[in-house]
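What follows is each chain in one-letter form.
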Amino acid sequence: MKLEVRGIHKQYANAGAPHTVLSDVSLTVGEGQYVTLLGPSGCGKTTLLNIVAGFIAADRGTIRVAEREVSKPGPDRGFIFQSYALFPWMSLADNVRYPMKRQGVPKDEREKRLDDLLSMARLDGKGHLYPHQLSGGMKQRTAVVRALAGRPQVLLMDEPFGAVDFQMRLMMQEEMERLWLKNRTTVLMVTHDVQEAIYMSDRVIVMSGHGGRIMADLPIDLPRPRERRGEIYHQYEDQLIDLLQQAFVDGERP
Amino acid sequence: MADSEGSAAARVRDREILDGTRVLGGGRKRSWWWLLSIAIVFAIWQFAAYSYDSVLLMPPPLDALAALWRAVRDPEILLNMGITIKRVLIGFSIAMLIGVPLGYLMGYSQRASAVIDPLINTLRQIPIMAWVPLSIVWFGLGDGPTIFIIAFVGVFAVILSTIAGVRSIPKDYYDAARSMGAGRLQILTNVILPATVPDIITGARLALGAGWGSVICAEFIATSAGFGYVMVRAQTQLETGTLMALMLMAALVGFTIDRGLIKLNHSLAKWRFAE
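Below: a short report on this structure.

Thresholds applied
- Residues numbered from 1 in each chain as written.
- Chains lettered and ligands numbered in written order.
- Predicted model: local features only at pLDDT ≥ 70, side-chain atom pairs only at ≥ 80, totals over all residues.
- Heavy atoms only, no water.
- Helix = DSSP H or I, 4+ residues; strand = E, 2+ residues; numbered from the N terminus.
- Buried < 20%, exposed > 50% of the residue type's maximum accessible area, 1.4 Å probe, protein only.
- Areas by Shrake-Rupley, 256 points an atom, 1.4 Å probe, with all protein chains shown as cover.
- 1 Å grid on protein atoms, 1.4 Å probe; cavity = no way out; pocket = protein on both sides within 12 Å on 5 of 7 lines; lining within 4 Å.
- Points joined across faces, edges and corners; volume = space filled by probe spheres on them.
- Nonpolar A, V, L, I, M, F, W, Y, C, P; charged D, E, K, R; others polar.
- Core = buried A, V, L, I, M, F, W, Y, C linked by side-chain atoms within 4.5 Å.
- Patch = residues over 30% accessible without salt bridge, like charges linked within 9 Å, V, L, I, M, F, W, Y side chains within 5 Å.
- Salt bridge = Lys/Arg side-chain N within 4 Å of Asp/Glu carboxyl O.

Description of the overall build of chain B
Then, number 1: Tallying secondary structure elements over chain B gives 11 helices and zero strands in all.
Then, number 2: Along chain B, helices (α) and strands (β) appear in the sequence α-α-α-α-α-α-α-α-α-α-α when read from the amino end.
Then, number 3: Taken over 275 residues, chain B has a buried fraction of 43%.
Then, number 4: Carbon and sulfur atoms form 69% of the exposed surface of chain B, whose accessible area is close to 14,900 Å².

Here we look at unusual backbone geometry
Residues and elements named next belong to chain A.
Then, number 1: In this chain, Arg224 is followed by Pro225 through a cis amide linkage whose omega measures -5°.
Then, number 2: Of note, Pro225 is situated in the loop between β10 (214-219) and α7 (231-252).
Then, number 3: With phi around 50°, Ala66 is a residue other than glycine that occupies positive phi space.
Then, number 4: Mapped onto the secondary structure, Ala66 falls in the loop between β4 (60-65) and β5 (68-70).
Then, number 5: Look at Arg122: it is not a glycine, yet its phi comes out positive at around 55°.

Focus on empty space enclosed by the protein
Vacant regions in the atomic arrangement are exposed by a probe of water-molecule size rolled over the atoms.
Then, number 1: For the structure shown, the criterion picks out one cavity of 30 Å³ or more.
Then, number 2: Approximately 100 Å³ is the volume attributed to the largest cavity.
Then, number 3: In this structure, the largest cavity is lined by 13 residues; those nearest its centre are Gly78, Phe79 and Ala147 of chain A together with Ser179 and Met180 of chain B.
Then, number 4: The element best represented in the lining of the largest cavity is strand β6 (residues 77-80) of chain A, accounting for three residues.
Then, number 5: Class assignment for the residues of the lining of the largest cavity results in seven nonpolar, four polar and two charged.

Structural notes on the nonpolar core
The nonpolar side chains of a soluble globular protein tend to be buried with one another.
Then, number 1: Within the largest apolar cluster, 79 residues are counted, with the highest numbers of intra-cluster contacts made by Leu3, Leu48, Phe87 and Leu188 of chain A together with Phe227 and Leu246 of chain B.
Then, number 2: It is helix α9 (residues 184-222) of chain B that provides the largest number of residues to this core, a total of 11 residues.
Then, number 3: Counting residues in each nonpolar core, the second largest holds 37 residues, with Tyr34, Leu92, Val105 and Phe161 of chain A among its members.

Structural notes on a nonpolar patch on the surface
All names here are of chain B.
Then, number 1: Together, Trp32, Trp34, Leu35 and Ile38 line one region of the surface with nonpolar side chains, adding up to about 450 Å² of accessible area.
Then, number 2: Inspection of the secondary structure puts Trp32 in the loop between α1 (8-19) and α2 (33-52).
Then, number 3: Taking relative accessible area as the criterion, Trp32 reaches 57% and is therefore assigned exposed.

In structure tokens form, the structure reads like this:
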């Protein structure tokens with residue numbers, strides 16, 4: 001198991017009354033699997049991802065990456081932010097070099113990896129540009145290869161296709177699948193979009209809208225590269241929409 | 001994508017308006033409308049001089065320009081200007097040396113901010129010129145009180161801008177740096193420092209502007225050398241033309257200092273201006 005989440009519990013004090021965000025959540029992501037956390041907003045999926053990343057401390061429970069327990073952020077877990085969080089004062093190339101510099105990758109090796117990553121993400125010749133000069137798609141690809149540059153064991157993504165228009169979102173998903181098929185990193189991604197979850201994932205984990213529990217763990221058995229059509233695709237869609245509705249109703253119940 | 005950066009073009013435009021490198025409504029081409037506004041000022045001035053018909057009260061613009069031409073070649077005036085500029089640079093450096101670290105501390109630590117903020121806000125309410133008599137008591141006449149005034153008036157602008165800079169750094173940048181393997185020191189040098197450069201330069205511009213504005217006033221009272229002193233002398237000798245020339249000179253120096261800092265901003269934070 002590449003990523004192992006065991007018995008994670010998290011409460012927030014909400015105007016005095018404790019509010020349980022995650023209650024005894026356990027899951028595993030196998031080597032090279034692409035797993036999605038799906039759920040209505042407020043279900044704790046982003047909190048769980050932040051705990052796995054080490055940005056937030058859990059009240060109870062353990063996170064193991066490649067059999068090693070972790071509690072702080074580290075380069076073994078690459079993170080792709082919804083805002084991308086590219087450093088605006090660094091060029092595209094310097095952004096991608098940054099994790100390699102922090103890990104002390106020697107210069108020759110660093111430049112070689114940089115070239116490989118940029119060409120993999122179709123960003124050749126763009127290295128000198130600053131983030132604000134990049135299109136949305138280019139920013140997203142930069143964020144992906146920056147996260148990959150440090151050779152993480154696990155890639156964590158927080159709604160990486162979150163706030164773009166529909167057409168752009170489809171393109172980014174296809175781009176992401178293409179990049180992922182090239183190196184098959186273990187992925188845990190958060191989304192609230194059913195089609196996105198089916199299109200991207202080997203497994204979809206559905207979280208309930210209230211109480212921070214896992215409702216379902218659904219393997220998606222479709223050939224890659226994926227297509228957004230066909231009977232099986234639509235069966236998965238119906239199944240997940242039903243589950244999400246149930247998750248939402250769960251959340252509404254006091 | 002929560003795009004905090006906005007569109008590149010809009011950002012560059014905002015920067016230009018803030019930096020005064022864009023003439024409003026003038027588009028990307030360099031506009032010559034400012035010539036018209038100068039012409040209007042000179043026309044009003046000329047008309048006033050004609051109506052008063054007194055070289056003492058209102059010398060005509062050409063007289064003032066002639067006096068300016070004499071002043072910029074007068075070694076004594078230039079020497080005194082040099083004294084004033086030296087004071088401004090020393091006072092400004094003190095303001096930066098105190099203000100930037102304090103701003104980082106207050107921007108980064110809520111607790112430090114809670115302790116220091118009331119103190120700063122109290123001191124800040126005292127009009128800067130109200131410090132002049134006390135600063136003379138403390139430092140005597142000469143460089144002491146003027147440098148004190150410049151440092152004091154500048155330090156608040158530097159502190160407040162630095163705080164604003166630190167607080168506007170998105171939390172994601174810290175998390176991103178940590179997840180890529182940066183430690184505390186590297187977060188300071190790789191994230192906080194570069195992210196705050198533009199705000200610190202804004203603070204520096206405000207500090208230099210305020211310093212330049214107050215030093216001349218302080219020199220009226222607290223010294224027997226410097227540009228303010230030369231101005232008072234021109235006034236007591238009833239050389240109104242020279243006085244106006246000196247005012248123009250003060251404006252030109254202030255303008256040049258500000259341009260210099262804008263240039264510095266463009267080279268230190270060139271990522272903000274790349275198109």
